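One-letter residues, chain by chain:
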Amino acid sequence: MSEPVAFPRGKRKSTTSTKDDTSHPSKKHAPSASSTSAAETIEKDFLFGSSATSSDLADASGRSKMGGSSSSSSKQQQYYDMSPSVVSQLPLGGGAVLPAMVTSSGKRIPPKIELLSFSKLAKGTKVLGVIREVTPDYAVVSLPTMLTGFVRRADENDAPLTRILPSVNTVMAFSIVSTTTQEVSKKDKTNNPNAPVKKRRIELSPWPIHVNAGVNIEEFLKDTANNDDSMMAVRGRIVSVEDHGCIVDLGGIASGRQAFLKFENVDGEYDVDDEDSDDEDNDAMDTDGAATKRILHPGRIYDFCILPSSASQSILQVSLPTLETLTKLRASPSMAPTISSLQPGMLAEVQVEAHAKNGMCVSFMKGVYRGALDEDHLGGHRGVDEGKKKHLDKESGDPTMWWKNVFKGKLAKFNARIIAVDTSTKIVRFSINHHILALNGEYAAFPHSVGTIIKNAQVIRVDAGIGALLALPGSEDAEEQHSEELRKLDKELSNNLFSNSDYRAATKVSTAYVHISKSMDNPDADSKKGKQTKNNNNRTPDALFARHFSINTRVKALRILATSNLIDGIASCATAKSIVDAHVLTHADIVPGKIYKDVPVVQLLDSGGVLVDLGIGTKGIIPATHLFDKASHGSLDAGGDLTISGYRQKIRQQKYKVGNKITVRCLTVDPAARQCVLTAKKTLLTNDIDDPIVEYPVAQDRVAAGFLSKVDDTGLTVTFYNNVHGRVTSRSLAAELGVEDPRQNYNVGDAIAARVLSCERRRNRTVYDGDDLYYYQLKLSLKTVVDKVDTSTSLTQVSDGSAVPFAAGSIVMQKRMKVLQIVNCLSRDDGAFFSGYAILSIKSKFFTGLPVNAGDSVEFKLPFDQLSDSYEGELSNPPIELDKFGHKMLTVGKRIEAEVVILTIPNGAGSLPVVSLRPTLINSIKMASSDDSPVICPSLKSNLFIGKYVCGYITRIDERFGAFVRFLDGLTGLIPKLKKGLNENLFDTIFCKVTALDITSSPPKILLKKVTESEAYKSKKRTSSKNNSVDEIQVGDVVGDVKVVDINFARAKVYIVGNDSSKLRARIHVTMANSLETTMKLSKKEKQFKEEHKIGKSHPFYNWKVGDIIPGVRCVSTDTRDGIAYVELANRVESGLPAVVTEPSHLPPGSILSAIVTSASKSSTNHGLWVQVCPGVSGFIPALEVSEDPDVLNDLAIKFKVGSRITCCVMEQTGHNKLPVSHNLQKDDHDSSKDEHKALFLSVLLVPGEESDKKDSGFKPTKPQRSDIVIGRVNKKSIMQGPPSLMLSLRGGFIGRCCITELTDENEWTNMPFGRVHDEKSKTQERNTQQQDVSDSDADHENDDDKSLNSDDENDR
C-alpha cells in the first residue's frame, strides 16, 4: 500500500492532469499555446495575487472547457459528486490535504484533511478566533483545532487592550505574528524538578496592517462603482474622532487614501469617547460581554465595510455594520479576488467536490479556488449509535463518515465561512458551525460545566498518538440553546441543512476530546508490561490507547476539564480514573470550609507541615500548627523555628505517612498563586460541617469553631475559613473568664470555639475606592453560653439600696470595680501623648437608668491621669511616668479599693464612660450635695454664675491661651495666661472662682481664677456675717417686687420691697428692662421729664415713673465692694437671663445679643448705630450692616429710634473695623471704675433668620463676587480711581468704584460731573443736619464726630 504524502508548502501542480500530460510525458511535447496561456493566466493572477479581472476569469474558464477533457479514471469521476464550472489549478481540498489513494488490492482510501496543527500555522497565516479574555496587557483568543493564541500589549505607553479590542465572545480575524516552542523545567509525576516540558505559544495581531495584508480593494471599487448594494468587510482602526465622524486606518490598502466613518453610517447604538485616556479600570467595562453599545474612540478596532465610491475620490467612505449585517455580508458574485485577498470571516458559496475521511473537499468562487471543511466544522457530529448501524457507509464501511449521507444532491452546495487562510501553502479552511456562521461566541456555550462527570460516552474518532473524540449521550429533555436563531440563520443563508433529519440529529450531539495523556492511569514503571522509557515522560503507549479507545468503544466515565475551545465547540475531558475520582481539578475548584476525605499524603516537609494531593497535581499544605487541636507548648526553639519533637513527632510519622489517606478541610485558597492551606484539626473537622463561616457578615450570637492566629497582651485573634477573623479583647477574657494575661493561657494554633458579639461594616479611611473601601470588624467572645437575665428584676437585686444613677457625678462605692485591661500611653513624634487607661467593669445591678441594651456589666475607662489629685514631681516624662504610676496602682483582675466618680457619659455607642479616683474631687461632689458647701463640681446642667467657686482638674496647658480646667460632662473653663494660667501643673486638682460667663453659647464659656481651698470654703464664713436676706440673693433668684426710686436714660434705681438693708444697692439697667403694660397716661410734667432725659416712646423706661412697683424681678449679677452688695436686676427674662459680662472679649464672634439703640451717627468715618449691650459694654453697628434697604440706611435716626431694642450679632475684629473707645451711658456707684474699653463691632444682617447674607463666611462679610447686587455708601474722602468715577464704601471695609457712565438718572445726582450742582443753601442744611445730636443719651455722644479716628480715612481709600 502506498503511503499518502502531505502537500508541501509553496507552489504545487494540480492533481488533475490532462490527456496531453499523460500522452506526452516528455518536456518536448508541450501542450497547446491556448491551454498553456489559460492555465498560466489563472495560476498567475489568482494564485499569486496579481489583479485579474472577472472577464479574464471568464475567458480562461471558457478556454479551459474548450481546450481539453479530463483524464481522470472512471472510478475517480464517480467519486466526485459534482464538477465545478472552472477547473481549478489548486489541488483537491486546497493545501494540506492528502489525496485519495488506491491500494494494490484495489481498495480506495478517501482524501484526508490535515488538521491545522501548531506546525501548520506559519507567520502571516490568517485565522478566525473568538475573544475569550481581555486584560489591559494581554488578550486570550480561542483558535481552530483547540488551539489558543495571545495578543500582547505592544508597549506600556500604548493604549491598553481593553480600549482596543471589542467585547468578549466577539468572532474576528487575526494574523499570526509568530509561533514559538520553548522547553521549561517543571516537576513531573515522579517529582523530577528538571523534567523538560515544551511550551508552545502563538502570538496574534489584530492590527489592520497585518489582517488586511494582501487585500486588494481596487477590483471591488471598480466592480461596485454602479452598484450601491455591495459592501466589503475589512479591518480598521479608529485614528481620531472628529465632529462628524472618525478617521479610520485600513492598514495601507487604500492606495494612499484616507478612510472616513460618518456617524450616520454607524449602525446600531454607539457612544463617542474622543479622549485618549488610559484609565484601565474604566476601560475594563468596554470589553464586557453584556455590553450592547459600541465605543468609538481612538485606537478601537472594528471590522468596517467599504462603501461603493469612485476611484477618483480622495476619501474612502466606510460604515460600521451591526453583527447581523456582518453575518449576512458576502462579496459581489462578479468579483474574483486573489487568494491573498481572502479573509477569515468571509462568507462564500462552496461546492462539495469530494468527501474526505475526516471532512469534505470543496471549491468556491466558481471553482477557481479549493478548500476543505474538517469534521469538527460541519456543524455537528455523529451521536451515540445505541447499537444501530445507520451511519455505516456502504461503500467504505466506515461508520464515521456520516456527512456523506447529508451533503449530497441539493445540499452539496451551501454557504460556509472561511476560518483560516495561508497564502503560501494555499490552505483555505471553512466552517459551518452555528456560532461561526452567526459570528457570535455565545452560541458556542457548552451544555456541561467544568468538573461534570458524564457516563457512557462513545468514541467517534481516534487520532493516533494524539487522542480521541467522544460523543456524549444526549438528554431527551434538553433543548438546544439558540435553536430558533440558528434555524432562522440557516434559512436566510439558503443552506436548508436543517431540512435533513440526519443533520438535525448531528447538530444536537455534544462532544469532548480526551488527550492521550489524560486517557488512563499508567501502570507502574517497575512492571514488565508497563515499563517505559525516560523520554516519553510516562506517556500512555499508543498500542494501549488504541486498544481501549477504538471506534464505537463506550467509555464508562469522563470528566469535563475545559469548555474554552470556542471555535471548535468541543470540550476537553479526561477519562483517567485518578482524574475522574479527583476531589478537584484546579485550585479554582477548591472551596474554603469544605471537607475533603481520602486525600493522599505526598510529602512530609522539613518545617513540620504535610503536603497532600487534592487531585491532578493540585497540592495543598497542612501547616505544623494544624496537625493537632492544641499547639505544642514550648514548640518554639531558641531560633524561632517551629519544631515537633517527642510524642507528637511519632504520631506525625505514623498518621501522616506518605501514601496514607487522611481527611482535611480547606482554610484558605489562592487560585492565582496556586496555594491552598488545609487543616487536620479534629475540632474543625467535626464542627460547622454544613455551614462554616466563610464570608462577612456573620450573624450575631453565632457560635463556631476556629483557631487562634494571633495572641498578644491586647487579646486573641480567632480565624475561621477564607480569612474571616474576629477579635476577642483581653478585657473580655478578664471579665468573662478571669484571664489576666492571654499569653499565659493560649497559644497560636489552638482550636477554639467563639461566639459572635457583633459584626460591623466600617469605612476604610486609607482607601478611596475599590473592593477595600469597606471592611468588617468582627467582635467575639469565648463565653459561648449566654445566661438568661430577667430584666424585670435585675435592677432591684441590690439589697442595701446603694444603686446610683448612671450619670455624671454619681459616686460608686469601693470594691465594685474590677480591672479588665490596662493600655499604656501613646506618644507621637511631635511630643504630644495620649494618656494610658484601664478598662473597668461594674455589675449593672449597681446602677439605675441604664440603657435597654445594657448587659450584665458596664465597662468604664479610668485614665491614668485620674488616679491622684496631684502628680507634682512625678511627671518629668509624662508617658513613661504615667504608665509606671498606672501599673503600680492597678492590676488586671483585681478590684479597686476606693470610691470612684463618673466624669462623663458619652452619647455615642463607640465610647466608654470615664471615671476618676481623685479624692478631692470626690469629696467636693459629696459636700456639694448639701446646702452648706460653697464649692461645686459643675456639669452642663449646673446653674453657674459669676463669683461661684468650683472644683476641677487641669486637663491641658496651652501656651497660647492658658490652663484648661475640666469638670463633669466635659464642661471646660479657662484660666487665662494673664491670670497666671501657665504656672499651673498638668493634671492637678484645682479650686477656682468664675470671673466671666457666657451662657449664650453651648457649652457655656467660662473664665476662671485660681483660689486656694481655704479661700473657697472661707467665702461662706465671710458672707455669714452679712444680712441673711442679702446673703440669700444669688444669680437667677427671683427677688420679688421692687420699687422705682430714680430714673434716667441709663438706669432705674430700685430697692427690694421688704429688704431695708443699708448695705444693698439695686438697680435695673436699661439693657435689662422691658416696658410696663399700663393704661395710665403721663402727665405734662412727666412728659417734660422724659424729654429732658431723652427717654422716647421706644425707650423701655418711657411708661416707668418713680414710685412704680416692678413685680417678678430676678437677679442677673452681684458684686460686693467695700462691704456693700451691688445687685443688677432685670424684669426681661422671657428668653432666659440676659448676658452680663465685664469685658467685651467675653462675647466671642457669633454671639447673638439684644441691645438698646443709644444714638445714630452720620459721621463719614462711623456711619451707623451706637448701642448698649449690657452695663459697661457698648457696641457699634455700621450702617451697611443694619439693613439692605437704601431708604432705611439714608434715614437711620427715623427708622431706629433712640431707646428701641435691636437684635444683633458680634462680628470678627478685622483691620477694617477699628472703633474708638466705647460710648457708655452715664455711670453711677454700681459701675466699676475700670478704664474704658473698645466697643463691640456688631451686625444685624449676620443674625440668623434676619436679612442675613447667605454668602457670608464665618462672622464677617465676604468679598463681593461678580454679578452680586450690593449696597454701598458714597465716600467722598477716598481717592478717585480712574476718574471721573464714584467711590463707594461696601460691607466688610471693601471699596468699590463706579464709573459715571454706569450711573442711572445722572441728573438726579449732586456734586458730580455732568450733574446738578448743589447750592450753598443745601450745603448749609446738610452741614447743620450732620451736626444735629440724634442721641437721647448723655453728652458724651455729642462730640462723636470730632473724636473719630482719623486712621479710618485710610481704610476708605
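All figures in this text were calculated on a predicted structure; none of them were measured in a lab. (Residues numbered from 1 in each chain as written. Predicted model: local features only at pLDDT ≥ 70, side-chain atom pairs only at ≥ 80, totals over all residues. Heavy atoms only, no water.)

Draft legend 1. Expanded view of the side chain of S431. With respect to the helices and strands, S431 occurs in strand β21 (residues 427-431). Taking relative accessible area as the criterion, S431 reaches 0% and is therefore assigned buried. In this structure the side chain of S431 is engaged in a polar contact, spanning 2.9 Å, whose partner is the side chain of H377. Residues contacting S431, with those up to four places away along its chain left out, are L373, H377, A416, R417, I419, I436 and L437. (Helix = DSSP H or I, 4+ residues; strand = E, 2+ residues; numbered from the N terminus. Buried < 20%, exposed > 50% of the residue type's maximum accessible area, 1.4 Å probe, protein only. Polar contact = N/O pair within 3.5 Å; in protein donor to acceptor, adjacent residues only side chain to side chain. Contact = heavy atoms within 4.5 Å.)

Draft legend 2. Layout of the pattern of salt bridges. For the structure shown, the criterion picks out 28 salt bridges. Between R201 and E203 there is a salt bridge, with its nearest N and O atoms 2.5 Å apart. By relative accessible area, E203 is classed as buried at 8%. The partner of R461 in a salt bridge is D463, and the shortest N-O contact between them spans 3.4 Å. (Salt bridge = Lys/Arg side-chain N within 4 Å of Asp/Glu carboxyl O.)

Draft legend 3. Seen up close, the environment of A574. Examined against the element boundaries, A574 turns out to sit in strand β26 (residues 571-574). Once the C-alpha coordinates of A574 and L561 are considered, the two residues, 13 residues apart in sequence, prove to be 6.8 Å apart. Once you skip the residues sitting within four places of it in the chain, A574 turns out to touch V514, K518, L558, R559, L561, I579 and V580.

Draft legend 4. Just a nonpolar patch on the surface, in detail. A contiguous nonpolar surface patch, about 340 Å² in accessible area, is contributed by V1045, Y1055, V1057 and I1109. By the secondary structure assignment, Y1055 is in strand β54 (residues 1051-1056). (Patch = residues over 30% accessible without salt bridge, like charges linked within 9 Å, V, L, I, M, F, W, Y side chains within 5 Å. Areas by Shrake-Rupley, 256 points an atom, 1.4 Å probe, with all protein chains shown as cover.)

Draft legend 5. The arrangement of unusual backbone geometry in detail. Of note, the bond from Y696 into P697 is cis; its omega dihedral lies within 30 degrees of zero at -5°. Structurally, P697 can be placed in the loop between α15 (682-686) and β32 (703-712). With a phi close to 55°, L439 is a non-glycine residue in the positive phi region. Within the secondary structure, L439 is located in the loop between α9 (434-437) and β22 (453-463). Owing to a relative accessible area of 10%, L439 belongs among the buried residues under this scheme. Backbone geometry places I616, a non-glycine residue, at a positive phi of 55°. On the secondary structure map, I616 appears in the loop between β28 (610-615) and β29 (618-622).

Draft legend 6. Inspection of the sheet that holds strand β11 (residues 245-249) at higher detail. Strand order in the closed barrel formed by 5 strands is β10-β11-β12-β16-β15, and the pairing between neighbours is mixed. Between one strand axis and the next, the sheet turns through 55° on average, direction left out of account. Where β11 meets strand β12 (residues 258-266), 4 bridges bridge the pair, whose relative direction is antiparallel. Along β12, the bridge assignment pairs G245 with K262. (Pairing = 2+ DSSP bridges. Axes fitted to C-alpha atoms, helices over the stretch in contact; angles between N-to-C directions.)

Draft legend 7. Up close: the pairing of β54. Relative to β54, strand β53 (residues 1038-1047) runs antiparallel, the two being bridged by 5 bridges. Note that in β54 the partner of K1043 across the bridge is Y1055. Taken together, β53 and the strand that follows it, β54, pair antiparallel across an intervening segment of 3 residues. When β54 meets strand β55 (residues 1064-1069), the two strands line up antiparallel, connected through 4 bridges. Bridge pairing in β55 places V1054 opposite A1066.

Draft legend 8. Highlighting helix α18 (residues 878-889). With 12 residues, α18 extends 16 Å from end C-alpha to end C-alpha; this agrees with the ideal 16 Å at 1.5 Å per step. For α18, the set of buried residues is P878, P879, L882, D883, F885 and G886. Each buried residue of α18 sits inside an arc of 165° when the element is viewed along its axis, so together they form one side. Opposite the buried face of α18, by more than 90 degrees, sit the exposed residues K884 and K888. (Expected span 1.5 Å × (residues − 1). Arc of directions from axis to C-beta.)

Draft legend 9. Quick peek at the sheet that holds β53. Read once around its circumference, the closed barrel built from 5 strands follows the order β53-β54-β55-β57-β56, with strand pairing classed as mixed. Between one strand axis and the next, the sheet turns by 50° as a mean value, whatever way the strands run. Both β53 and strand β56 (residues 1109-1121) contribute to a ladder of 4 bridges, which runs antiparallel. Each residue of the ladder has a partner; that of G1040, found in β56, is V1113.

Draft legend 10. Structural view of helix α10 (residues 483-492). Where α10 is concerned, the buried positions are L486, L489 and D490. Taken down its axis, α10 places every buried residue within 105° of arc, on the same side. Exposed residues on α10 whose side chains face more than 90 degrees from its buried face are E484, K488 and K491. Of the surrounding elements, those touching the buried residues of α10 are α8 (323-328) and α9.

Draft legend 11. Inspection of the nonpolar core at higher detail. Ranked by internal contacts, the top residues of the largest apolar core, which has 38 residues, are L342, F407, F414, F430, I432 and Y503. Contributions of two or more residues to this core are made by β17 (347-356), β18 (359-364), β19 (369-374), β20 (413-422), β21, α10 and α11 (501-507). Those residues within four positions of F430 in sequence are excluded, and the remaining contacts are A348, V350, V362, F364, G371, A372, L373, H377, A416, R417, I418 and I419. Grouped together as the second largest cluster of nonpolar side chains are 36 residues, L116, L165, L329 and I419 included. (Core = buried A, V, L, I, M, F, W, Y, C linked by side-chain atoms within 4.5 Å.)

Draft legend 12. Representation of the pairing of strand β31 (residues 675-679) within the structure. Relative to β31, strand β30 (residues 661-670) is paired through 5 bridges, and the arrangement is antiparallel. Within β31, the residue paired with C666 across the bridge is L678. Adjacent in sequence and paired antiparallel, β30 and β31 are bridged by 4 residues, among which R674 carries a positive phi angle near 55°.

Draft legend 13. Region of the structure containing the packing of aromatic side chains. Summed over the entire model, instances satisfying the criterion amount to 18 aromatic pairs. Centroid distance F545 to F549: 4.9 Å. Interplanar angle 20°. Geometry classified as stacked. Using a relative accessible area of 1% as the deciding quantity, one classes F545 as buried. With a centroid separation of 6.1 Å and 75° between ring planes, the pair formed by Y871 and F987 is classed as edge-to-face. Taken together, the positions of Y871 in the loop between β44 (857-863) and α18 and F987 in the loop between β50 (972-976) and β51 (989-998) put the pair 116 residues apart, joining distant regions of the chain. For the residue pair Y871 and F987, the accessibility class agrees, reading buried in each case. Of the aromatic side chains, those joined through ring pairs into one cluster are F407, F414, F498 and Y503. Directly above the aromatic system of F150 lies the positively charged group of R201, at a separation of 4.4 Å from the ring centroid. (Phe/Tyr/Trp six-rings, centres within 6.5 Å; stacked < 30°, edge-to-face > 60°. Lys NZ or Arg CZ within 6 Å of the ring centre and 35° of its normal.)

Draft legend 14. Geometry of the state of the cysteines. Enumeration according to the criterion identifies 0 disulfides in this entry. C992 takes part in no disulfide bond, and the closest cysteine sulfur, belonging to C951, lies 8.4 Å away. (Disulfide = S-S within 2.5 Å.)

Draft legend 15. Spatial organisation of the confidence of the model for the protein chain. With 76% of its residues at a pLDDT of 70 or more, the protein chain has an overall mean of 78. With pLDDT under 50 throughout, residues 387-392 is counted as low confidence; its partners more than four residues away or in other chains account for 10 contacts. Counted against residues more than four places away or in other chains, residues 791-800, with its pLDDT under 50, gives 9 contacts. (pLDDT = per-residue confidence, 0-100.)

Draft legend 16. Seen up close, the environment of P321. Positionally, P321 belongs in the loop between β16 (315-320) and α8. Assessed through its relative accessible area of 3%, P321 is described here as buried. Spatially, the C-alpha atoms of P321 and D267 are 5.3 Å apart, while their sequence positions differ by 54 residues. Residue contacts for P321: discarding those within four places in its chain leaves D267, R294, D303, F304, C305 and L326.

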